[in-house]
Amino acid sequence: QVQLVESGGGLVQPGGSLRLSCAASRSIVSMNPMGWYRQAPGKQRELVATMSSGGSTNYADSVKGRFTISRDNAKNMVNLQMNSLKPEDTAVYYCYARVPWYSEPYWGQGTQVTVSP
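Criteria and thresholds
- Residues numbered from 1 in each chain as written.
- Predicted model: local features only at pLDDT ≥ 70, side-chain atom pairs only at ≥ 80, totals over all residues.
- Heavy atoms only, no water.
- Buried < 20%, exposed > 50% of the residue type's maximum accessible area, 1.4 Å probe, protein only.
- Helix = DSSP H or I, 4+ residues; strand = E, 2+ residues; numbered from the N terminus.
- Pairing = 2+ DSSP bridges.
- Axes fitted to C-alpha atoms, helices over the stretch in contact; angles between N-to-C directions.
- Contact = heavy atoms within 4.5 Å.

Asker: If you had to explain the pairing of strand β1 (residues 4–7) to someone new, which residues and values would you point to?
Answerer: The alternating pattern of β1 places Leu4 and Glu6 on a buried face and Val5 and Ser7 on a face that is not buried. Note: β1 against strand β3 (residues 18–24), 4 bridges, orientation antiparallel. Bridging across to β3, Glu6 finds its partner in Cys22.

Following this line, the structure appears as structure tokens:
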């Protein structure tokens, strides 16, 4: 069993920045990948960014150049630095992790990000 707990969401003006963090309840070394998805009202959940255990990254086209994902294996955390935020980035952001011993991914409870003047 893995618990993922997100933090760092909130209200920010367009052009602003937020840093999301996801703390795992156990070592993330074998978690592959870890990352972030988001879901806006009335829309399907979509990939934002993922990072493999080897450090390879994958970003949605809509966030490339603005968001940066990172992993801290020592702290069992994955982070998402979000810069130049836009109103269309408004969504609930979910931490995500796949582990070798379970076929389904683990999800956090989500954290709300609202970008508004």
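Asker: Which residues make up the pairing of strand β11 (residues 111–115), and what are the values?
Answerer: Along β11, the buried face is formed by Thr111, Val113 and Val115; none of Gln112 and Thr114, which line the opposite face, is buried. By the bridge criterion, 3 bridges tie strand β2 (residues 10–12) to β11 in an arrangement that is parallel. In the strand pairing of β11, Gly10 is matched with Val113. Pairing of strand β9 (residues 91–97) with β11 involves 3 bridges; the strand directions are antiparallel. Its bridge partner lying in β11, Val92 is registered against Gln112.

Asker: An account of the sheet that holds β1 is needed here, citing residue identities and associated values.
Answerer: Spatially, 4 strands are ordered β1-β3-β8-β7 in an open sheet, and the strand pairing comes out antiparallel. In this open sheet, the two strands that pair with only one neighbour each are β1 and β7 (67–72). Shown here is a sheet whose adjacent strand axes are inclined to one another by a mean of 15°, direction ignored.

Asker: Can you break down the side chain of Arg66 residue by residue, with the values?
Answerer: By the secondary structure assignment, Arg66 is in the loop between β6 (57–59) and β7. Judged by relative accessible area, which is 10%, Arg66 ranks as buried. If we skip the residues at most four places from it in the chain, Arg66 touches Gln81, Met82, Asn83, Ser84, Leu85, Lys86 and Asp89.

None of the figures reported here should be taken as evidence of function without further support.
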